[in-house]
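Here are the chains, one letter per residue:
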Amino acid sequence: MQKFQMYINGKWIRHTDADGIVVRNPSNGDKIAVIPRGTRDDVDSAVKAAYTAFRGESWRKIKAFERGEILFDLADKIKTHRDELAELESVDVGKPLSQGYADVDAAIRYFRFYGGAADKVMGNTIPIEDGLLDYVVREPVGVTAHIIPWNYPLQIISRSVAAALTTGNTVVVKSAEDTPMTAMQITKFIDELQLPAGVFNHVTGYGHEAGAALANHPLINHITFTGSVVTGISVGKAAMENVVPSTLELGGKSPNIVFADCDIDRTVEGVVRSIVQNTGQTCSAGARLLVEESFKETFLTKVIERFRNLTIGPGIQDKDLGPILNVKQFQHVMGMIELARKEGNILFGGKQLTIKGFEGGNYVEPTIIDGVSMDSRLAQEEIFGPVLTVFTFKDTEEALELANSTEYGLVTGIWTKNINKAHYLASRIEAGQIFINNYGAGGGEQMPFGGYKKSGFGREKGLAALDNYTILKNVAVKYR
Ligand code: NAD
């Protein structure tokens with residue numbers, strides 16, 4: 001069992017906490033690591049270190065293109081350790097090994113993408129009058145906080161830390177208490193890069209302790225948070241107490257809208273992948289299937305056939321689905337399935353599975369629910385498991401109404417060969433990303449990602465994320 005330490009002000013901190021937080025392998029329930037239970041004081045030390053580093057000369061003096069090179073070096077280190085990181089992510093989160101590899105490759109691309117942007121974060125000039133030069137510079141915001149969820153720790157730490165460092169900020173990460181392993185590995189690589197002390201800090205611990213202390217710290221200048229709506233609201237309130245901006249990515253209840261004129265095989269594959277990826281524990285999971293009524297039977301027959309062929313097992317065996325993260329999350333998923341038995345029909349799955357040799361893992365069959373009303377919790381709330389809820393529509397207007405009928409608005413898939421219909425829907429749907437005849441575009445680190453409505457605000461990924469980490473300053477010079 002590995003015992004980790006926190007990383008504050010360029011040093012690994014031996015923690016006084018004797019017990020720490022136990023980290024388990026979701027595939028079999030085994031204990032795999034212990035992390036320190038970070039306190040308010042630990043967070044305070046980390047934020048103060050980041051504050052001092054931001055104001056110090058060492059970090060400021062590193063040229064923009066050199067910051068980019070640091071991120072390229074980090075990408076290279078990740079690539080060198082690709083197998084080890086993919087396995088670690090698979091063991092820690094329970095995700096199929098190939099998803100672990102996909103996450104490592106995405107992490108590499110994030111550090112390269114944002115590394116390349118380091119010397120392209122430009123301001124502009126504004127014409128005012130003769131003899132007056134007005135220019136706008138984009139400066140780093142200062143100390144940035146990054147609160148990481150358990151479902152995609154490696155990808156999410158990479159996307160937000162890369163964007164923050166490339167723009168010259170300093171960073172304090174609070175990793176997810178359930179899945180800190182790859183975040184620890186990234187921290188080790190960053191330590192080897194010998195950045196000025198305090199530029200990058202990593203505290204571990206519980207959300208209501210270390211997380212809340214970080215979100216509430218008065219020296220933080222920006223908070224990036226991914227997780228649940230409830231926690232997002234408390235993080236947003238904490239940010240407002242200190243009058244600092246936050247970027248909140250709070251999940252969704254994303255629909256796939258399927259018309260009878262779609263390419264059926266490609267659509268089945270897209271719809272199924274979108275809900276089983278990471279065992280449905282994905283903020284942008286395609287959790288609702290909205291299918292044209294006349295096409296329902298044909299389409300569902302194929303979806304069910306595909307579900308029947310899905311394999312389930314421990315992450316490291318690289319089946320289609322792994323376990324649910326932990327008992328709490330598993331009970332939530334099973335509770336929602338129970339509700340579906342009362343309110344509607346289970347078309348497929350719905351049962352807990354025991355995998356021989358991995359009895360300590362929480363496995364559930366991929367599940368399809370039908371016959372629930374739009375105001376049901378099953379239609380409105382995140383299940384965060386491999387559970388697809390089916391609805392039908394008669395025409396495009398009804399599809400639109402259903403798509404927009406939850407409090408969320410993260411992603412929508414539209415499947416049709418009719419380009420006019422697809423663009424019309426894309427223009428009316430309240431979601432941050434629309435995919436037409438695909439779902440996810442292969443990861444899309446270049447594309448702005450974030451929500452409408454309760455899916456949150458602000459954008460991560462793409463060049464748009466650089467706005468989170470820069471602040472505009474206008475300078476007017478009278479020279480004549
Ligand atoms: P959470 O929102 O409580 O935790 C996310 C992160 O926030 C973790 O690092 C946690 O330690 C931290 N945190 C918790 N309370 C905090 C607080 N008061 N202040 C600051 N930070 C705090 O999510 P969870 O309990 O791990 O999962 C619950 C549900 O959230 C899931 O069932 C799922 O629906 C949703 N979720 C969504 C995403 C997403 O990608 N949008 C990711 C994880 C979980």
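Residues numbered from 1 in each chain as written. Predicted model: local features only at pLDDT ≥ 70, side-chain atom pairs only at ≥ 80, totals over all residues. Heavy atoms only, no water.

**A look at the site of the ligand**
Link 1 in the chain: Around the ligand, a shell composed of 27 residues is seen, among which Ile148, Trp150, Lys174, Glu177 and Glu382 lie nearest.
Link 2 in the chain: A distance of 2.7 Å separates an oxygen atom of the ligand from a polar atom in the side chain of Lys174.
Link 3 in the chain: A distance of 3.2 Å separates a nitrogen atom of the ligand from a polar atom in the backbone of Gly251.
Link 4 in the chain: Calculation on the ligand without its partners gives an accessible area of 820 Å², and the protein chains cover 85% of this total.
Link 5 in the chain: The pocket occupied by the ligand, as judged from atoms lying within 2 Å of grid points, is the largest pocket.
Link 6 in the chain: For the shell around the ligand, the element with the highest residue contribution is helix H8 (residues 207-215), accounting for four residues.
Link 7 in the chain: For the shell around the ligand, the per-class residue count stands at eleven nonpolar, eleven polar and five charged.
Link 8 in the chain: Taken together, domain 1 (2-250 + 457-476) and domain 2 (255-443) each give at least three residues to the shell around the ligand, which thus spans both. (Near = heavy atom within 4 Å. Polar contact = N/O pair within 3.5 Å; in protein donor to acceptor, adjacent residues only side chain to side chain. Areas by Shrake-Rupley, 256 points an atom, 1.4 Å probe, with all protein chains shown as cover. 1 Å grid on protein atoms, 1.4 Å probe; cavity = no way out; pocket = protein on both sides within 12 Å on 5 of 7 lines; lining within 4 Å. Sits in = over half its atoms within 2 Å of the grid points. Helix = DSSP H or I, 4+ residues; strand = E, 2+ residues; numbered from the N terminus. Nonpolar A, V, L, I, M, F, W, Y, C, P; charged D, E, K, R; others polar. Domains from an automatic or database assignment.)

**Looking at the domain arrangement of the protein**
Link 1 in the chain: Considered domain by domain, the protein is made up of domain 1 (2-250 + 457-476) and domain 2 (255-443).
Link 2 in the chain: Computed over C-alpha atoms, the centres of domain 1 and domain 2 are 31 Å apart.
Link 3 in the chain: Counting residues at the interface gives 26 residues for domain 1 and 30 residues for domain 2.
Link 4 in the chain: At the boundary of domain 1 with domain 2, total buried surface from both sides reaches about 2000 Å², with 53% on carbon and sulfur atoms.
Link 5 in the chain: Per-residue buried area on domain 1 facing domain 2 is highest for Ser27, Pro96 and Trp150; these three make up 27% of the total on that side. (Contact = heavy atoms within 4.5 Å. Buried area = accessible area lost by both parts, 1.4 Å probe.)

**Side note on empty space enclosed by the protein**
Link 1 in the chain: The full count for this structure, using the stated rule, is three cavities of 30 Å³ or more.
Link 2 in the chain: The calculated volume of the largest cavity comes to roughly 90 Å³.
Link 3 in the chain: Around the largest cavity, the lining comprises 14 residues; the ones closest to its centre are Gly280, Ala285, Ala287, Ile383 and Phe384.
Link 4 in the chain: The computed volume of the second largest cavity comes to approximately 60 Å³.
Link 5 in the chain: Forming the walls of the second largest cavity are 15 residues, and the residues nearest its centre are Pro255, Ala403, Tyr408, Gly409 and Val411.
Link 6 in the chain: Those elements that place two or more of their residues in the lining of the second largest cavity are strand E13 (254-258) and strand E20 (411-415).
Link 7 in the chain: The residue inventory of the lining of the second largest cavity, partitioned by class, reads seven nonpolar, five polar and three charged. (Points joined across faces, edges and corners; volume = space filled by probe spheres on them.)

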